[in-house]
Amino acid sequence: MSVPLSQMWAVSTYVIRQKLARRKRYPLVLMLEPLFRCNLACAGCGKIQYPAQILKKHLTVEQCLAAVEECGAPIVSIPGGEPLMYPDIGRLVEELVARRKYVYLCTNAILLKEKLDAGLFTPSKYLSFSVHLDGLREEHDEAVCRDGVHVQAVAAIKEALRRGYRVTTNSTLFDGASPLRMREFFDEVMDLGVEGMMISPGYGYAKAPDQEHFLRAQRAHELFSKMLTNPKRRWRFNQSPLFLQFLMGKQDFECTPWGNPTYNMFGWQRPCYLLQEGYAATFKELLETTRWENYGRRSGNEKCRDCMVHCGYEPTAVNHTFSTWRGFRDTVVATVTGRF
Amino acid sequence: MDETTLEGWAPEAGAAVSLAAIIDKAFDYRGNVTVVKVDGSETVGFLFNRNPDAPEPFVQMFDLDGAGPLTIPYHTIRTIRFTGRDTAAGNSYAAWLRAKEAAKSARRDA
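Computed from a prediction, not measured in an experiment: that's the story for all the values here.

With respect to the overall build of chain A
1) Next: In terms of regular secondary structure, chain A is built from 13 helices and nine strands.
2) Next: Here the C-alpha atoms of chain A give a radius of gyration of 19 Å, agreeing with the 20 Å that 2.2 N^0.38 yields for 340 residues.
3) Next: Referenced to the eigenvectors of the C-alpha coordinate spread, the extents of chain A come out at roughly 50 × 45 × 40 Å.
4) Next: Expressed as a percentage of its 340 residues, the buried residues of chain A come to 51%.
5) Next: Residue pairs at least 24 apart in sequence account for 78% of intrachain contacts in chain A once pairs closer than 6 positions are excluded.

Shown next as structure tokens:
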């Protein structure tokens, strides 16, 4: 089991409360982007292409906390940009942990050892470092467009684990990924002793330099089927097994774009973490004024046609677990047997 | 191949291209723009939001110092010029692969 029981319990009771309150739309994970600045310029990333004055800006801790309170999601993911470049990251994490939010600090880990040495963080069941690793050394360094980053990330993972932190990995897969090499990669990551892995297909950001290597839906199903069929017992994934089944083409889900809402210096991003079609001033305004019917695979929106990314479909998978007996049974069976 | 860019585009709103279309392009643009107002004044910065469905449609910007957000109603805008560098252009994955391959070749030749 890769997600701690306390976290499972917190998420389960939260979702059940939403169901009992008959909330049609509720957030599961807040994607909190305190800054866009990054110390890498990955080809597949559409998050960092901004003029200098925007890259120099960041949210205040108070703005972050207000967004967290307003949203109410039990999990806060801090991507970016590179969150370890955020000057107040230590205080922000401390405040979130004090509020019993489960924090996934998504980092390329280049600065992780330095920040750990500086005593910025304290190990907690509420804090996980989610280290970006897109594959074995060659594949990862190619994905991040810089040699040597894989070695740094692996060293930082070992150091964080040694100090007692929860560590997961997050991997984005693009067209051309080798299922065999990814299976080797899963072995390598589990050998490091991480709590679990998170995987997702990449998304073709309109502003990302690499437009040719994003996975189309059918090819994505083939790739994930080859990768995840007959999974080894030792592989642990820090995500819903139903989402993994969806990636393999075994579940037919629709996107839940409000499930992982995004807040950054521009406001609440419409409609999701990946598409930028405007910003709302409040979370309430985001929920109430976004034309949700225009998004998702069945909407016919071509920007959504091939998207299978976790931020839209993992909330669907979690909701499915608590909406139908079949969904609950499938989740329990996959969790207990380790097969998807 | 690097994508095309609107950098340097200085349209005038009219029959060929509407103001709403120019605003949409500016919203998608990943560089600074110059908003030219009906009264002749100009505001330079990054246009990060636009809402054509609001009771009074508006755009929002951060200026060159990062101050803002500045909210500017559509009806006060004459046009927008794409004056800043397009930060999304000219940095392709293919170019990185070519550079990496060239570096490997250089190491082999050395």
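Topic: the sheet that holds strand β2 (residues 75-78) of chain A
Residues and elements named next belong to chain A.
1) Next: Reading across the sheet, the nine strands line up as β6-β5-β4-β3-β2-β1-β7-β8-β9 and stay open at both edges, with mixed pairing between neighbours. Strands at the two margins of the open sheet, each flanked by one partner only, are β6 (196-201) and β9 (276-280). Strand-to-strand twist of the sheet, defined as the mean angle between neighbouring strand axes without regard to direction, takes the value 30°.
2) Next: Judged from the five bridges that link them, strand β3 (residues 102-107) and strand β4 (residues 127-132) form a sheet pairing that is parallel.

Section: the pairing of strand β3 (residues 58-63) of chain B
All names here are of chain B.
1) Next: Where strand β2 (residues 42-51) and β3 come together, six bridges link them in antiparallel fashion. Bridge pairing in β3 links Gly45 to Asp63.
2) Next: The turn linking β2 back onto β3 is made up of six residues.
3) Next: In this structure, β3 lies alongside strand β4 (residues 70-73), joined through four bridges in antiparallel fashion. From the neighbouring strand, Met61 faces β4, where its bridge partner is Leu70.
4) Next: In textbook terms, the turn of a hairpin is the stretch between consecutive antiparallel strands, and for β3 and β4 this stretch comprises six residues, one of which, Gly66, has a positive phi near 85°.

Looking at the packing of helix α8 (residues 179-192) of chain A against helix α9 (residues 217-228) of chain A
All names here are of chain A.
1) Next: At a minimum axis distance of 9 Å, the contact between α8 and α9 shows a crossing angle of 45°. Overall, the two elements α8 and α9 adopt an arrangement that is oblique. Where α8 crosses over α9, the handedness of that crossing is right-handed. Judged by residue contacts, Pro179, Met182 and Arg183 of α8 engage Leu223, Lys226 and Met227 from α9.
2) Next: A class-by-class count of the residues in the contact of α8 with α9 yields four nonpolar, no polar and two charged.

A few points about unusual backbone geometry
1) Next: Omega for the peptide link from Arg270 of chain A to Pro271 of chain A comes to -10°, which places this bond in the cis form.
2) Next: Between Gly68 of chain B and the following residue, Pro69 of chain B, the backbone shows a cis peptide bond with an omega angle of 5°.
3) Next: Among the secondary structure elements, Pro69 of chain B is positioned in the loop between β3 and β4.
4) Next: Even without glycine at this site, Arg100 of chain A takes up a positive phi of about 60°.
5) Next: Structurally, Arg100 of chain A can be placed in the loop between α4 (89-98) and β3.
6) Next: At Ala109 of chain A, a residue that is not glycine, the phi angle is positive and equals roughly 75°.

Digging into helix α3 (residues 61-71) of chain A
Residue and element names in this part refer to chain A.
1) Next: Buried residues of α3: Val61, Cys64, Ala67, Val68 and Cys71, and no others. Looking straight down α3, one finds its buried side chains confined to an arc of 125°; they lie on one side. Of the exposed residues in α3, those oriented more than 90 degrees away from the buried face are Glu62 and Glu69.
2) Next: Along its buried surface, α3 packs onto β1 (29-32), β2, α4, β7 (262-264) and α11 (283-289).
3) Next: Following α3 by one or two positions, Gly72 has its phi on the positive side, about 85°.

Describing the environment of Val59 of chain B
All names here are of chain B.
1) Next: If you trace the backbone, Val59 turns up in strand β3.
2) Next: Residues Val59 and Ala26, 33 residues apart in the sequence, show an inter-C-alpha distance of 9.8 Å.
3) Next: Contact partners of Val59, with chain neighbours within four places excluded, come to Ile23, Leu47, Asn49, Arg50 and Ile72.

Some remarks on the sheet that holds β4 of chain B
Residue and element names in this part refer to chain B.
1) Next: Across the sheet, which stays open at both edges, the five strands sit in the order β4-β3-β2-β1-β5 with antiparallel pairing between neighbours. Lying at the two open borders of the sheet, with one neighbouring strand each, are β4 and β5 (77-81). The sheet shows a mean angle of 45° between the axes of neighbouring strands, taken without regard to direction.
2) Next: Two strands pair when backbone bridges link them, and strand β1 (residues 33-37) and β5 are joined in this way by four bridges, in the antiparallel orientation. Paired with Lys37 across the two strands is Ile77, which belongs to β5.

Definitions and cut-offs
Residues numbered from 1 in each chain as written. Chains lettered and ligands numbered in written order. Predicted model: local features only at pLDDT ≥ 70, side-chain atom pairs only at ≥ 80, totals over all residues. Helix = DSSP H or I, 4+ residues; strand = E, 2+ residues; numbered from the N terminus. Rg over C-alpha atoms; globule rule 2.2 N^0.38 Å. Buried ≥ 20, exposed ≤ 12 C-beta atoms within 10 Å, placed from the backbone. Contact = placed C-beta atoms within 7 Å. Pairing = 2+ DSSP bridges. Axes fitted to C-alpha atoms, helices over the stretch in contact; angles between N-to-C directions. Parallel < 35°, antiparallel > 145°, perpendicular 65-115°, else oblique. Left-handed = near helix turned anticlockwise from the far one by under 90°. Nonpolar A, V, L, I, M, F, W, Y, C, P; charged D, E, K, R; others polar. Arc of directions from axis to C-beta.

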